Amino acid sequence: MDLINALEGLASELRKELDQASLFSQEKLEELRVDFLGRKGRLAQIMSKLSSLSPEERPAVGQKANTVKQECSRLFDACKQAIEARREAAAVAGFDPSLPGRTPWQGSLHPDTLVMEEVCGIFRGLGFDIAQGPEVEIDHYNFEALNMPPEHPARDMQDTLYVTDTVLMRTHTSPVQVRTMLARRPPVAVVVPGKVYRRDSDLTHTPMFHQIEGLMVDRGISMAHLCGMLTAFVRAVFGPATEVRFRQSFFPFTEPSAEVDISCFLCGGKGHGHGEPCRVCKGTGWVEILGCGMVDPAVFAAVDYPSDVTGFAFGMGVERIAMLKYGIGDLRMFFENDVRFLSQFA
Ligand code: PHE
């Protein structure tokens, strides 16, 4: 019974081959399976000789072939599982649970946001509300009601981004003064953080930037209140030793008007360091941080406020405050969204 011997030999051959199975990959194992049990494999070759046997001999050989085939399949399955188990064990061995975790990327607030939150927080503490207004504004609120008649130079096409003849991108947050006073009777005290737009783009100007407006109106409000509040504000942001200077200026919607300078944070107001003129204040000892003044009566008339109220208003550039506060030298940093810059404010 050559065929029976051949079949028995097949199973022991396979056992021998699989003894080296520790070296096998699943792919190699599959090749071996095709070699033994495939359509043209060794088992099939033995079985092709079945026809040469007499009908009496065939059943015994057929039965043997079935058991050998089952035995081989079982060996293959066991080997496949062993390979998979080894792969898993290796993966676990390569995992070191004592390694520190990978810190996920975490966002941080933009310096503009930080400054707006800080400044608004200070004024909330002084009793101000937060107000907001639209960035697409009508001419009337942006200019006309702020005492800027049509021929005023600030309305020049050079500076203003127009949407239509009467609709524009607000050039400052001051129109929210008008909107607030139209919506509320005095007393009012609001600060207004927001985006403003100008047709201007170079090293120190961007077409969009941020401002914070302030407005306080009541009976008996004077320039002294303005000076006191702004001094308190400046010292809260830049430190209690900061000197404040009010320099006479002009805005169409305030009278009198002033610009506020603070003593230079870099040279401490000396104007120089290491024998060189200070690069922040350009040797003057002062840096300008905002514009302000007493609300012009023409503005009160435009919002139909009673003639016995007075008030002050101020407006500051957020990027400018942030540059001074954090020592940022280049305005473009604010708008490039480079994480190497932004993550420094985490
Ligand atoms: N709106 C002015 C500007 O953009 C700033 C300002 C606001 C000045 C309020 C006085 C009062 O330059």
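Everything numeric in this text was worked out from a predicted model, so none of it was measured.

Conventions used here
Residues numbered from 1 in each chain as written. Predicted model: local features only at pLDDT ≥ 70, side-chain atom pairs only at ≥ 80, totals over all residues. Heavy atoms only, no water. Domains from an automatic or database assignment. Salt bridge = Lys/Arg side-chain N within 4 Å of Asp/Glu carboxyl O. Helix = DSSP H or I, 4+ residues; strand = E, 2+ residues; numbered from the N terminus. Buried < 20%, exposed > 50% of the residue type's maximum accessible area, 1.4 Å probe, protein only. Near = heavy atom within 4 Å. Polar contact = N/O pair within 3.5 Å; in protein donor to acceptor, adjacent residues only side chain to side chain. Areas by Shrake-Rupley, 256 points an atom, 1.4 Å probe, with all protein chains shown as cover. Nonpolar A, V, L, I, M, F, W, Y, C, P; charged D, E, K, R; others polar. Pairing = 2+ DSSP bridges. Contact = heavy atoms within 4.5 Å. 1 Å grid on protein atoms, 1.4 Å probe; cavity = no way out; pocket = protein on both sides within 12 Å on 5 of 7 lines; lining within 4 Å. Points joined across faces, edges and corners; volume = space filled by probe spheres on them. Core = buried A, V, L, I, M, F, W, Y, C linked by side-chain atoms within 4.5 Å. Expected span 1.5 Å × (residues − 1). Arc of directions from axis to C-beta.

## Observations concerning the domain arrangement of the chain
Each assigned domain of the chain is listed here: domain 1 (2–93) and domain 2 (111–345). Its C-alpha centre places domain 1 at a distance of 86 Å from the equivalent point of domain 2.

## Re the pattern of salt bridges
For the structure shown, the criterion picks out 18 salt bridges. Between Glu17 and Arg42 there is a salt bridge, with its nearest N and O atoms 3.8 Å apart. Of this pair, Glu17 sits in helix α1 (residues 2–19) while Arg42 sits in helix α3 (residues 42–47), placing them 25 residues apart in sequence. For Glu17, a relative accessible area of 27% puts it in the partly exposed group.

## Things to note about the site of the ligand
Surveying the vicinity of the ligand reveals 14 residues, the closest of which are His172, Ser174, Arg198, Gln211 and Glu213. A distance of 3.0 Å separates a nitrogen atom of the ligand from a polar side-chain atom of His172. Take Gln211: an N or O atom from its side chain is 3.0 Å from an oxygen atom of the ligand. Taking 320 Å² as the accessible area of the ligand by itself, protein coverage stands at 88%. Where the shell around the ligand is concerned, the elements lending two or more residues are β5 (208–218), β10 (286–295) and β11 (310–317). Take the shell around the ligand: its biggest share by element is three residues, from β11. The residue inventory of the shell around the ligand, partitioned by class, reads five nonpolar, seven polar and two charged.

## Side note on the sheet that holds β10
In spatial order, the strands read β1-β4-β5-β11-β10-β7-β6; together these seven strands make up an open sheet with mixed pairing. Only two strands of the sheet have a single neighbouring strand rather than two, namely β1 (129–130) and β6 (244–251). Of the pairings in the sheet, the one linking strand β4 (residues 188–197) to β5 comprises ten bridges and is antiparallel in character. If you follow Lys195 over to β5, its bridge partner there is His210.

## Here's the deal with the environment of Pro306
Here Pro306 shows up in the loop between α9 (297–302) and β11. In this structure Pro306 comes out as partly exposed when scored by relative accessible area, which is 24%. Residues Pro306 and Asp112 lie 194 residues apart in sequence; the distance between their C-alpha atoms is 37 Å. Discounting residues that sit within four places of it in the chain, Pro306 has contacts with Arg185, Pro186 and Arg219.

## Re unusual backbone geometry
The residue after Pro186, namely Pro187, is reached through a cis peptide bond having omega 5 degrees. Along the chain, Pro187 falls in the loop between α7 (175–183) and β4. Located in the positive-phi region is Asp304, a residue other than glycine, with phi close to 65 degrees. With respect to the helices and strands, the residue Asp304 is situated in the loop between α9 and β11. Take Asp304: its relative accessible area is 62%, and that puts it in the exposed class. Despite not being glycine, Asn337 has its phi angle at roughly 55 degrees, a positive value.

## Here's the deal with the layout of surface pockets
In this model, the second largest pocket occupies a volume close to 150 Å³. If you trace the second largest pocket, you find it lined by Trp105, Gln106, Gly107, Ser108, Leu109, His110, Val339, Leu342, Ser343 and Ala346.

## Brief notes about the side chain of Asp139
Relative to the assigned elements, Asp139 resides in helix α6 (residues 139–142). Assessed through its relative accessible area of 9%, Asp139 is described here as buried.

## Quick notes on helix α10 (residues 318–326)
All of the buried residues in α10 are Val318, Glu319, Ile321, Ala322 and Leu324. Buried residues belonging to α10 abut α5 (111–125), β5, α8 (223–238), β10, β11 and α11 (333–336).

## Some thoughts on the nonpolar core
Ranked by internal contacts, the top residues of the largest apolar core, which has 45 residues, are Phe233 and Ile289. The element that contributes the greatest number of residues to this core is α8, accounting for seven residues.

## Thoughts on α8
Residues lying three or four places apart along an α-helix face the same way, a consequence of the helix completing one turn every 3.6 residues. Taking 1.5 Å per residue, 16 residues should reach 22 Å; α8 reaches 22 Å between its end C-alpha atoms and fits that length. Buried within α8 we find Leu226, Met229, Leu230, Phe233, Val234, Val237 and Phe238. What you see down the axis of α8 is that its buried residues fit within an arc of 140 degrees, all on one side. Looking at where α8 begins, the residue whose side-chain oxygen comes 3.1 Å from the main-chain nitrogen of Ala224 is Ser222.

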